Amino acid sequence: MTEGTGAGQEGVPERHEGLRERHRRLFGSGASLERLVFFSDAVFAIAMTLLVLEIIIPEGLDQEHLGAALLAAMLEFFAYTVSFAVISTAWMNHHRKFIVIRRYDVRLQWLNLLLLFFIAVLPMPTSFLSNYGGEISPWPAVLYASVTAAVFVMLNLIWVHAWRAKLMTQDVDRAMYRYVFWSILPVPLVFVLSIPVAFFHTDAAMYMWLLIIPAMVITRRIGRKGADAP
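If you're wondering where the values come from, they're calculated on a predicted model, not measured in any experiment. (Residues numbered from 1 in each chain as written. Predicted model: local features only at pLDDT ≥ 70, side-chain atom pairs only at ≥ 80, totals over all residues. Heavy atoms only, no water.)

Trainee: How would you summarise the layout of surface pockets if you had to cite specific residues and measurements?
Mentor: In this structure, the largest pocket occupies an estimated 490 Å³ of space. As for the largest pocket, its lining consists of 19 residues, and the residues nearest its centre are Val82, Ala85, Trp209, Leu210 and Ile212. Elements with a contribution of two residues or more to the lining of the largest pocket: helix 4 (74–100), helix 9 (186–198), helix 10 (202–208) and helix 11 (212–228). Among the elements that take part in the lining of the largest pocket, helix 4 stands out by supplying seven residues, more than any other. Looking at the lining of the largest pocket, its residues break down into 15 nonpolar, three polar and one charged. What lines the second largest pocket is a set of 16 residues, among which Asn93, Arg96, Lys97, Val180 and Ser183 lie closest to the centre. The element that contributes the greatest number of residues to the lining of the second largest pocket is helix 4, accounting for six residues. Considered class by class, the residues forming the lining of the second largest pocket number 10 nonpolar, three polar and three charged. (1 Å grid on protein atoms, 1.4 Å probe; cavity = no way out; pocket = protein on both sides within 12 Å on 5 of 7 lines; lining within 4 Å. Points joined across faces, edges and corners; volume = space filled by probe spheres on them. Helix = DSSP H or I, 4+ residues; strand = E, 2+ residues; numbered from the N terminus. Nonpolar A, V, L, I, M, F, W, Y, C, P; charged D, E, K, R; others polar.)

Trainee: Outline the confidence of the model for the protein, listing residues and values.
Mentor: Mean pLDDT over the protein works out to 83, with 78% of the residues at or above the 70 mark. Segment residues 1–14 is flagged for pLDDT under 50; beyond a separation of four residues in sequence, or across chains, it makes one contact in the model. (pLDDT = per-residue confidence, 0-100. Contact = heavy atoms within 4.5 Å.)

This is how it looks when you write it as C-alpha coordinates:
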(Lines give C-alpha, C1' and ligand atoms only; values in the text may rest on other atoms or scores of the structure.)
Protein backbone atom coordinates (compact mmCIF):
# COMPACT_ATOMS: atom_id res chain seq x y z
CA MET A 1 0.00 0.00 0.00
CA THR A 2 2.81 2.34 0.94
CA GLU A 3 4.67 1.64 -2.28
CA GLY A 4 1.51 2.11 -4.32
CA THR A 5 0.79 5.42 -2.64
CA GLY A 6 4.31 6.60 -3.30
CA ALA A 7 4.05 5.69 -6.96
CA GLY A 8 0.78 7.54 -7.21
CA GLN A 9 2.24 10.64 -5.57
CA GLU A 10 5.18 10.55 -7.91
CA GLY A 11 2.81 10.35 -10.85
CA VAL A 12 0.91 13.51 -9.87
CA PRO A 13 3.61 16.00 -10.95
CA GLU A 14 3.97 14.09 -14.20
CA ARG A 15 0.24 14.42 -14.90
CA HIS A 16 0.34 18.15 -14.03
CA GLU A 17 3.38 18.66 -16.24
CA GLY A 18 1.66 16.85 -19.08
CA LEU A 19 -1.41 19.04 -18.65
CA ARG A 20 0.68 22.20 -18.85
CA GLU A 21 2.43 20.95 -21.96
CA ARG A 22 -0.90 20.09 -23.56
CA HIS A 23 -2.33 23.52 -22.61
CA ARG A 24 0.68 25.24 -24.17
CA ARG A 25 0.31 23.17 -27.32
CA LEU A 26 -3.42 23.82 -27.67
CA PHE A 27 -3.61 27.47 -26.62
CA GLY A 28 -0.06 28.85 -26.66
CA SER A 29 0.48 28.93 -30.40
CA GLY A 30 -1.31 28.54 -33.70
CA ALA A 31 -1.54 29.48 -37.34
CA SER A 32 -4.79 31.50 -37.34
CA LEU A 33 -3.79 35.17 -37.30
CA GLU A 34 -7.05 36.69 -38.53
CA ARG A 35 -8.32 37.85 -35.13
CA LEU A 36 -4.95 39.32 -34.17
CA VAL A 37 -4.65 41.23 -37.44
CA PHE A 38 -8.28 42.42 -37.52
CA PHE A 39 -8.10 43.59 -33.91
CA SER A 40 -4.86 45.44 -34.65
CA ASP A 41 -6.39 47.13 -37.71
CA ALA A 42 -9.32 48.31 -35.59
CA VAL A 43 -7.04 49.90 -32.99
CA PHE A 44 -5.02 51.65 -35.71
CA ALA A 45 -8.22 52.98 -37.31
CA ILE A 46 -9.67 54.25 -34.02
CA ALA A 47 -6.40 56.00 -33.11
CA MET A 48 -6.36 57.75 -36.50
CA THR A 49 -9.95 58.89 -36.02
CA LEU A 50 -9.28 60.27 -32.54
CA LEU A 51 -6.44 62.42 -33.88
CA VAL A 52 -8.66 64.64 -36.00
CA LEU A 53 -11.05 65.33 -33.13
CA GLU A 54 -8.41 67.62 -31.64
CA ILE A 55 -8.62 70.05 -34.59
CA ILE A 56 -11.45 72.36 -33.63
CA ILE A 57 -12.28 75.77 -35.12
CA PRO A 58 -14.50 77.84 -32.79
CA GLU A 59 -18.00 78.47 -34.09
CA GLY A 60 -19.57 81.87 -34.66
CA LEU A 61 -16.41 83.66 -35.81
CA ASP A 62 -16.74 86.67 -38.05
CA GLN A 63 -14.56 87.15 -41.11
CA GLU A 64 -12.17 89.41 -39.20
CA HIS A 65 -11.23 86.72 -36.66
CA LEU A 66 -11.43 83.67 -38.94
CA GLY A 67 -7.86 84.04 -40.21
CA ALA A 68 -6.49 84.30 -36.68
CA ALA A 69 -8.42 81.18 -35.66
CA LEU A 70 -7.03 79.22 -38.60
CA LEU A 71 -3.51 80.38 -37.75
CA ALA A 72 -3.99 79.30 -34.14
CA ALA A 73 -5.05 75.85 -35.38
CA MET A 74 -1.88 75.38 -37.43
CA LEU A 75 0.07 73.81 -34.55
CA GLU A 76 -2.80 71.37 -33.99
CA PHE A 77 -2.82 70.54 -37.70
CA PHE A 78 0.97 70.05 -37.64
CA ALA A 79 0.69 67.63 -34.71
CA TYR A 80 -2.17 65.81 -36.47
CA THR A 81 -0.16 65.51 -39.69
CA VAL A 82 2.90 64.10 -37.90
CA SER A 83 0.82 61.65 -35.89
CA PHE A 84 -1.16 60.56 -38.94
CA ALA A 85 2.12 59.87 -40.73
CA VAL A 86 3.43 57.96 -37.70
CA ILE A 87 0.34 55.75 -37.39
CA SER A 88 0.11 55.24 -41.16
CA THR A 89 3.76 54.18 -41.35
CA ALA A 90 3.35 51.90 -38.34
CA TRP A 91 0.21 50.31 -39.82
CA MET A 92 1.87 49.67 -43.20
CA ASN A 93 4.90 48.20 -41.44
CA HIS A 94 2.67 46.01 -39.28
CA HIS A 95 0.65 44.89 -42.31
CA ARG A 96 3.76 43.94 -44.29
CA LYS A 97 5.28 42.02 -41.40
CA PHE A 98 2.17 39.92 -40.97
CA ILE A 99 2.22 38.96 -44.63
CA VAL A 100 5.24 36.78 -43.85
CA ILE A 101 4.49 36.03 -40.18
CA ARG A 102 2.37 32.89 -40.51
CA ARG A 103 2.15 31.67 -36.90
CA TYR A 104 1.78 33.18 -33.47
CA ASP A 105 2.74 32.31 -29.91
CA VAL A 106 1.92 33.91 -26.57
CA ARG A 107 4.95 36.18 -26.63
CA LEU A 108 4.05 37.50 -30.07
CA GLN A 109 0.53 38.24 -28.84
CA TRP A 110 1.86 40.21 -25.86
CA LEU A 111 4.32 42.14 -28.01
CA ASN A 112 1.51 43.02 -30.40
CA LEU A 113 -0.69 44.18 -27.50
CA LEU A 114 2.12 46.41 -26.23
CA LEU A 115 2.40 47.90 -29.71
CA LEU A 116 -1.35 48.58 -29.74
CA PHE A 117 -1.08 50.15 -26.29
CA PHE A 118 1.32 52.80 -27.60
CA ILE A 119 -0.76 53.29 -30.76
CA ALA A 120 -3.88 53.87 -28.66
CA VAL A 121 -2.00 56.27 -26.36
CA LEU A 122 -0.59 58.37 -29.21
CA PRO A 123 -3.58 60.79 -29.50
CA MET A 124 -2.86 61.98 -25.94
CA PRO A 125 0.72 63.23 -26.53
CA THR A 126 -0.48 64.58 -29.88
CA SER A 127 -3.01 66.76 -28.07
CA PHE A 128 -0.38 67.68 -25.48
CA LEU A 129 2.01 68.72 -28.23
CA SER A 130 -0.57 70.76 -30.15
CA ASN A 131 -1.77 72.62 -27.04
CA TYR A 132 1.50 73.16 -25.18
CA GLY A 133 4.23 72.60 -27.76
CA GLY A 134 6.84 75.16 -28.78
CA GLU A 135 8.98 76.97 -26.25
CA ILE A 136 6.50 76.71 -23.37
CA SER A 137 7.87 73.42 -22.05
CA PRO A 138 10.06 70.58 -23.34
CA TRP A 139 7.73 67.91 -21.94
CA PRO A 140 5.19 67.80 -24.80
CA ALA A 141 7.96 67.06 -27.32
CA VAL A 142 9.64 64.63 -24.90
CA LEU A 143 6.43 62.68 -24.29
CA TYR A 144 5.55 62.63 -27.98
CA ALA A 145 9.02 61.43 -28.99
CA SER A 146 9.00 58.76 -26.28
CA VAL A 147 5.64 57.26 -27.29
CA THR A 148 6.46 57.38 -31.01
CA ALA A 149 9.85 55.74 -30.45
CA ALA A 150 8.13 53.03 -28.39
CA VAL A 151 5.75 52.28 -31.29
CA PHE A 152 8.59 51.51 -33.69
CA VAL A 153 10.68 49.72 -31.08
CA MET A 154 7.73 47.37 -30.56
CA LEU A 155 7.44 46.79 -34.32
CA ASN A 156 11.08 45.75 -34.42
CA LEU A 157 10.69 43.54 -31.34
CA ILE A 158 7.78 41.77 -33.04
CA TRP A 159 9.97 41.21 -36.09
CA VAL A 160 12.94 39.94 -34.05
CA HIS A 161 10.82 37.57 -32.01
CA ALA A 162 9.00 36.21 -35.06
CA TRP A 163 12.37 35.45 -36.64
CA ARG A 164 13.86 33.80 -33.57
CA ALA A 165 10.72 31.78 -32.82
CA LYS A 166 10.50 30.63 -36.45
CA LEU A 167 7.03 32.08 -36.92
CA MET A 168 7.72 33.34 -40.45
CA THR A 169 7.41 31.79 -43.84
CA GLN A 170 10.58 30.13 -45.10
CA ASP A 171 10.80 32.72 -47.88
CA VAL A 172 12.26 35.16 -45.33
CA ASP A 173 15.95 34.35 -45.14
CA ARG A 174 18.57 36.03 -42.95
CA ALA A 175 19.31 38.66 -45.61
CA MET A 176 15.67 39.76 -45.78
CA TYR A 177 15.37 39.67 -42.00
CA ARG A 178 18.34 42.03 -41.63
CA TYR A 179 17.10 44.35 -44.35
CA VAL A 180 13.67 44.77 -42.76
CA PHE A 181 15.21 45.22 -39.32
CA TRP A 182 17.53 48.01 -40.50
CA SER A 183 14.85 49.75 -42.58
CA ILE A 184 12.74 50.73 -39.56
CA LEU A 185 15.58 51.52 -37.15
CA PRO A 186 15.97 55.27 -37.99
CA VAL A 187 12.50 56.18 -36.74
CA PRO A 188 12.93 55.27 -33.05
CA LEU A 189 16.57 56.32 -33.16
CA VAL A 190 15.83 59.87 -34.33
CA PHE A 191 12.97 60.30 -31.87
CA VAL A 192 15.09 59.06 -28.97
CA LEU A 193 17.97 61.38 -29.90
CA SER A 194 15.56 64.33 -30.02
CA ILE A 195 14.58 63.86 -26.36
CA PRO A 196 17.70 65.42 -24.75
CA VAL A 197 17.68 68.17 -27.41
CA ALA A 198 14.14 69.15 -26.32
CA PHE A 199 15.42 70.22 -22.90
CA PHE A 200 17.67 72.82 -24.56
CA HIS A 201 15.59 73.86 -27.57
CA THR A 202 12.14 72.39 -28.14
CA ASP A 203 11.71 73.59 -31.72
CA ALA A 204 15.11 72.14 -32.69
CA ALA A 205 14.05 68.77 -31.29
CA MET A 206 10.88 68.84 -33.38
CA TYR A 207 12.81 69.80 -36.52
CA MET A 208 15.10 66.85 -35.83
CA TRP A 209 12.21 64.54 -36.63
CA LEU A 210 12.64 65.51 -40.30
CA LEU A 211 16.01 63.71 -40.21
CA ILE A 212 14.09 60.43 -40.33
CA ILE A 213 13.84 60.69 -44.13
CA PRO A 214 17.59 60.87 -44.94
CA ALA A 215 18.33 58.50 -42.05
CA MET A 216 16.04 55.86 -43.57
CA VAL A 217 17.83 56.15 -46.90
CA ILE A 218 21.21 55.64 -45.20
CA THR A 219 20.13 52.72 -43.02
CA ARG A 220 18.46 50.94 -45.92
CA ARG A 221 21.74 51.09 -47.79
CA ILE A 222 23.50 49.74 -44.70
CA GLY A 223 20.83 47.07 -44.44
CA ARG A 224 21.38 46.00 -48.04
CA LYS A 225 25.14 45.76 -47.44
CA GLY A 226 24.57 43.85 -44.21
CA ALA A 227 22.11 41.54 -45.92
CA ASP A 228 24.60 40.80 -48.69
CA ALA A 229 27.34 40.03 -46.15
CA PRO A 230 27.98 36.32 -45.56
